Amino acid sequence: MMIAQKPVNELARLSALHQLNILDSLPEKQYDNITELAAEICGTDTAVISLVDKDRQWFKSKIGVNFCETNRDIGFCSHAIMQPMSIMEITNAREDHRFQNNPLVQNVENPVIFYAGMPILSPDGHALGTLCVLHHKPKKLSERQKRSLTHLATQVQELLKLRLLNLQLENSKSQLKKHNDLLKDFAGTVSHDMKMPLANLILTSDILNKKYAGTIDNTGKEYLSYLKKSSISLSNYITNILEHYESSSYEIDDRSNFDLNDLLENIIELINIKHHCDIHLPEMNHNIYCNRVALEQIFLNLIGNSIKYNDKIETVIDIEFEETDSHYLFKITDNGRGIPEDQLDRIFELFSTLGEYDREGYKGHGIGLSTVQKLVNTLGGVINVHSELGKFTCFSFNLAK
């Protein structure tokens, strides 16, 4: 018996294998389908997807054998990976000097006499193992069978490539979540430390304006008003930042049953409407099943924007609702100032603003609509906007049921 040499790229080959995190994993139907096809096409007792580790060859999928691994030194695949671009075929292992006295060949119950293995390559070309077929009698594959075995080995490679991509995506997702959590904690800490001084600034400006009204001239009063207005704007900015990062914690599966119109009426009561506003709710009070807190946050932002950035004497807002078998559909249309066409593609970008002031003289921070889009996407939906400058803006979004 001859023990196979190690490939010259052995360290890189093992590194590529271990990156897959596949050794000793549970059986998977996609791989089992391939081994079943390989045995059927090649007419053999056994087919195996074998991965060659440092000291063993481990079977990701197998048909016709009842063990999951063998010692690498006696493995046929250890020889096959030395020729990574071609099938290694042993028609009669008893007559091949490399496998004479091999325990697998001498096995009384199920000897390996015939072997054909096509190496399975990593994306960077390292031979990780083989898709191989084995038989208890001498045999020879036809050219058609060899081509089929090669094609099936390619399918195993594609499965491994997808596995690697999924692992990389999961790792990236984990890293992003870690950084997002750190950023969220930082934002929470900073905002808490800033909001109290800002509240003191607002309160102090009111006290000064009231207590020294008779001694402060108009210019001084304007300065105090500007100080208060800037403090309120910064406080709102911090609140919006927190809401944006808090939106990451909402889950699509955190659902409850509630009446849509009841939710909308509660939201309208929360909004401080200081001018005439006519809000038309859906004619029927539909009962829906979704994340109530997230939907409330979406409507607070959209209805609030329709009111704040409306330039008409009377604000009119129409809220429509429909549903399909898979989604709830919402539409909010106002008669406001509209959005320039060249700005429609960027209004959902974080910190992107139109540079306009609302009815109270405050400029937007470009956070609210980004938060809305984030929430809609989290709940399995998409949001779109359609607008005509000076006439209306319509936001339509859907949520998965």
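Conventions adopted
Residues numbered from 1 in each chain as written. Predicted model: local features only at pLDDT ≥ 70, side-chain atom pairs only at ≥ 80, totals over all residues. Heavy atoms only, no water. Phe/Tyr/Trp six-rings, centres within 6.5 Å; stacked < 30°, edge-to-face > 60°. Axes fitted to C-alpha atoms, helices over the stretch in contact; angles between N-to-C directions. Helix = DSSP H or I, 4+ residues; strand = E, 2+ residues; numbered from the N terminus. Left-handed = near helix turned anticlockwise from the far one by under 90°. Contact = heavy atoms within 4.5 Å. Nonpolar A, V, L, I, M, F, W, Y, C, P; charged D, E, K, R; others polar. Polar contact = N/O pair within 3.5 Å; in protein donor to acceptor, adjacent residues only side chain to side chain. Pairing = 2+ DSSP bridges. 1 Å grid on protein atoms, 1.4 Å probe; cavity = no way out; pocket = protein on both sides within 12 Å on 5 of 7 lines; lining within 4 Å. Points joined across faces, edges and corners; volume = space filled by probe spheres on them. Buried < 20%, exposed > 50% of the residue type's maximum accessible area, 1.4 Å probe, protein only. Salt bridge = Lys/Arg side-chain N within 4 Å of Asp/Glu carboxyl O. Parallel < 35°, antiparallel > 145°, perpendicular 65-115°, else oblique.

Asker: Help me understand the packing of aromatic side chains, please; the structure alone is not making it clear to me.
Answerer: Aromatic ring pairs are described here by two measures, namely the spacing of the ring centres and the angle between the planes. Tallied over the entire structure, the rule returns nine aromatic pairs. Through a chain of ring-to-ring contacts, the aromatic side chains of F299, F321, Y328, F330 and F397 assemble into a single cluster.

Asker: Mind showing me how you'd approach the packing of helix α8 (residues 292-308) against helix α9 (residues 368-378) here?
Answerer: Think of two packed helices as two axes; the pair is described by the angle between the axes and how far apart they sit. At a minimum axis distance of 9 Å, the contact between α8 and α9 shows a crossing angle of 145°. With respect to the hand of their crossing, α8 and α9 are arranged in left-handed fashion. In contact with A294, Q297, I298, N301, L302 and N305 of α8, α9 contributes G368, L369, V372, L375 and V376. Considering only residue class, the contact of α8 with α9 consists of seven nonpolar, four polar and no charged.

Asker: Can you help me understand the side chain of R72 in this one?
Answerer: Within the fold, R72 resides in the loop between β3 (69-71) and α3 (76-80). At 2.7 Å, the side chain of R72 and the side chain of E10 are in polar contact. Setting aside residues up to four positions removed in sequence, R72 forms contacts with K6, P7, E10, R13, V52, D53, K54, D55, R56, Q57, S78 and I81.

Asker: Is there a simple way to explain the pairing of strand β11 (residues 327-334) in this structure?
Answerer: One face of the sheet, then the other: side chains in a regular strand alternate in exactly this way. Inspection of the sheet shows strand β10 (residues 315-323) paired to β11 by seven bridges, in the antiparallel sense. From the neighbouring strand, E323 faces β11, where its bridge partner is Y328. Between β10 and the antiparallel strand that follows it, β11, lie three residues. Bridge analysis of β11 against strand β13 (residues 392-400) gives eight bridges, and the strand direction is antiparallel. Its bridge partner being in β13, F330 is matched across the sheet by F397.

Asker: Would you mind showing me how to read empty space enclosed by the protein here?
Answerer: Where empty space is left becomes clear once a probe the size of a water molecule has been rolled over the atoms. Summed over all chains, the structure comprises one cavity of 30 Å³ or more. Estimated volume of the largest cavity: approximately 30 Å³. Every residue along the wall of the largest cavity is listed here: I252, R255, C290, N291, L379, L399 and A400. In terms of residue class, the lining of the largest cavity is built from five nonpolar, one polar and one charged.

Asker: Where do I start with the environment of E388 in this structure?
Answerer: In this fold, E388 is placed in strand β12 (residues 383-388). The exposure class of E388 is partly exposed, given its relative accessible area of 35%. Between the C-alpha atoms of E388 and G336, which are 52 residues apart in sequence, the distance is 9.5 Å.

Asker: Sorry if this is basic, but what is going on with the pattern of salt bridges here?
Answerer: Across all of its chains, the model carries 16 salt bridges by this definition. K146 is paired through a salt bridge with E89; the nearest N and O atoms lie 3.3 Å apart. Within this pair, whereas K146 is found in helix α5 (residues 143-211), its partner E89 is found in strand β4 (residues 88-90), the two being separated by 57 residues in sequence. Counted as one network, the salt bridges with shared partners bring together D24, D53, R56 and E69.

Asker: Quick question: what am I supposed to make of the layout of surface pockets here?
Answerer: Approximately 330 Å³ is the volume attributed to the second largest pocket. Secondary-structure elements contributing two or more residues to the lining of the second largest pocket are β1 (46-52), β2 (56-63), α3 and β6 (127-135).

Asker: Just checking my understanding: could you explain the packing of helix α7 (residues 260-270) against α8 for this structure?
Answerer: Where α7 contacts α8, the axes come no closer than 10 Å and their chain directions differ by 50°. Relative to α8, the element α7 is oriented oblique. Here α7 runs over α8; the crossing is right-handed. From α7, L260, L263, L264, N266, I267 and L270 reach across to α8, where they touch R292, L295, E296, F299, L300 and I303. When grouped by side-chain class, the residues that make up the contact of α7 with α8 number nine nonpolar, one polar and two charged.

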